[in-house]
Protein chains: 2
Amino acid sequence: MDLCDAREALKAKGLTVTEQRLAILQKIFDMGCYFTAKELHQALPSEKRVDLATVYRAVRLFEREGLVRCVGEIGNCRYYAKACIHNPPHAHFRCEKCGRLFCLRPFNFDDSKELISLAGEGFEVRRVTLMLEGLCAKCRKEQLINHEEGGK
Amino acid sequence: MDLCDAREALKAKGLTVTEQRLAILQKIFDMGCYFTAKELHQALPSEKRVDLATVYRAVRLFEREGLVRCVGEIGNCRYYAKACIHNPPHAHFRCEKCGRLFCLRPFNFDDSKELISLAGEGFEVRRVTLMLEGLCAKCRKEQLINHEEGGK
DNA sequence: AATTAGTTGCAAATCGTTTGCAGCTGGTGT
DNA sequence: ACACCAGCTGCAAACGATTTGCAACTAATT
C-alpha cells in the first residue's frame, strides 16, 4: 500500500478521521525528505489552530501505524520521514558545522542482510538507522580556505 | 595512543587535571560498553560531590578531545562509550520492549568504505552511527508465548 | 438525535542537557 | 612557599523537545 491521500490512508489504517489528522498527514505527504514535529506544526496553516501536542500525538500514532518513520535523533529532537515506496530507508548525513541534514542514497533494507545480520540469532530487526556525521562539502571547503588564510 | 590512566590521558590531551575530571574519566575507563551522563554521575562515589553539570561538561570535553564518543541518541538521551582501540566502533541494538541496549559485533570503521562512500564527494565523514531497533531475543520469545496463550 | 469512545486544546509537568554566575583551584612565574 | 589568573566547579535557573492530565469536544455507531 502506498497511499498519498491522507483520508484514504487514515481509513486504511482504521484510524479515526479528524480535521487535524487530515491536515497533519497531508502536510507530511507534501513535505520533503524529512521533518521534525515542530517544523510540521509551523508548516500548518495557523488559522487551523492545530495544537503542537496534537501534532506530537499524531506523529507518534502515524509512526506506530507505519505511515511515518523516524530517520534519526539529533540533539534532543527527532527527525521523521514519510514511509512509502517512494521514500525507501536511506542513510543521512549531518554536518557538524552548519547542522544541515542530507539524505544519502538509499541502502536497500531487505538486501542489507549484512547490516541486519549484525544482530544476533533470535533478534527481530524492525528498523535500521544509519547516520553519518562530519563536514559537508560546503563547510569543508570553507574550512580549508580559512586555514589557508590563517596560515599566511 | 590508548591510555587507561585518567591522569595520563588528561595530560596527554593538554587538559587541566582536576579531581573531578580524574574521577569522571577513571569511571569512564571502568565502565562497561556504554553509559549515559546520568549513569556516570550516579556511579561516582557520592562523597566526592561531583555535580551533574560538571559531568555533562566533562563528557562534552572528552568527546571533543576524542577520549569518548557518542554511540547513539535514544529518546532524548545520549549514550557514550570510551574511545580506544579496545572498544572499536560497533553497531548497537535497542529493544523496543525492554529498552535494553546491546553492543553488536564491531564493523570496521576504516574498512567500511561502503558505509562512508554513502556520503558524496567532498564530504568528510568523522563518525558513523549504526543503530538497529526491534525486539531482542528474550522479548521476542516472551511475545511469542503470550500470543500462543492469548490464542488458546 | 443519542451515545460513547476516542480526540483535542490548554497548561503544566518531565527529562536530559545547558548556562550564568560567584567562588574556588590548578598551573605558572616569582 | 606565594601570588596570580585563566579555567573549573557547584548551584540554581533556564531551555527545548516531548509528554501528560483533564475537561470540553467530535467522529462514528446505534
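Here we summarise the structure given alongside this text. (Residues numbered from 1 in each chain as written. Chains lettered and ligands numbered in written order. Predicted model: local features only at pLDDT ≥ 70, side-chain atom pairs only at ≥ 80, totals over all residues. Heavy atoms only, no water.)

**Remarks on the overall build of chain A**
- Each helix and strand in chain A was counted, giving six helices and five strands.
- Going residue by residue from the N terminus, the α and β elements of chain A occur as α-α-α-α-β-β-β-β-α-β-α.
- Against the compact-globule benchmark of 15 Å for 152 residues, chain A has a radius of gyration of 19 Å, which places it well outside the compact range.
- Dimensions of chain A along its principal axes, counting C-alpha atoms only, are 65 × 50 × 25 Å.
- Taken over 152 residues, chain A has a buried fraction of 41%.
- Considering only residue pairs separated by 6 or more positions, chain A has 43% of its internal contacts joining residues 24 or more positions apart.
- A total of about 8700 Å² of accessible surface is found on chain A, and carbon and sulfur atoms cover 48% of it. (Helix = DSSP H or I, 4+ residues; strand = E, 2+ residues; numbered from the N terminus. Rg over C-alpha atoms; globule rule 2.2 N^0.38 Å. Buried < 20%, exposed > 50% of the residue type's maximum accessible area, 1.4 Å probe, protein only. Contact = heavy atoms within 4.5 Å. Areas by Shrake-Rupley, 256 points an atom, 1.4 Å probe, with all protein chains shown as cover.)

**Structural notes on the protein's contact with DNA strand D**
- Of all residues adjacent to DNA strand D, which total 21 residues, the nearest are K38, Y56 and R78 of chain A together with R49 and T54 of chain B.
- When the atoms of DNA strand D within 4 Å of the protein are grouped by moiety, sugar and phosphate amount to 79% of the total.
- One of the side-chain N or O atoms of K38 of chain A is found 2.3 Å from a phosphate oxygen in DNA strand D.
- Residue R78 of chain A places a main-chain N or O atom 2.8 Å away from a phosphate oxygen belonging to DNA strand D.
- Mapped by element, the contributors of at least two residues to the surface near DNA strand D are α3 (37–43), α4 (52–64) and β2 (77–82) of chain A together with α2 (19–30) and α4 (52–64) of chain B.
- Classifying every residue of the surface near DNA strand D gives seven nonpolar, six polar and eight charged. (Near = heavy atom within 4 Å. Polar contact = N/O pair within 3.5 Å; in protein donor to acceptor, adjacent residues only side chain to side chain. Nonpolar A, V, L, I, M, F, W, Y, C, P; charged D, E, K, R; others polar.)

**Brief notes about α4 of chain B**
Residue and element names in this part refer to chain B.
- Taking 1.5 Å per residue as the helical rise, α4 with its 13 residues ought to reach 18 Å, and the 19 Å between its terminal C-alpha atoms agrees with that figure.
- The set of residues buried in α4 consists of V55, A58, V59, L61 and F62. On an axial view of α4, the arc spanned by its buried residues comes to 165 degrees, and they lie on one face. Across from the buried face of α4, at angles greater than 90 degrees, the exposed residues are R57 and R64.
- Packed against the buried residues of α4 are α1 (6–12), α2, α3 (37–43), β1 (68–74) and β2 (77–82).
- Its side-chain oxygen placed 2.9 Å from the backbone nitrogen of A53, D51 serves as the N-cap of α4.
- G66 sits one or two positions beyond α4 and adopts a positive phi of about 80 degrees. (Expected span 1.5 Å × (residues − 1). Arc of directions from axis to C-beta.)

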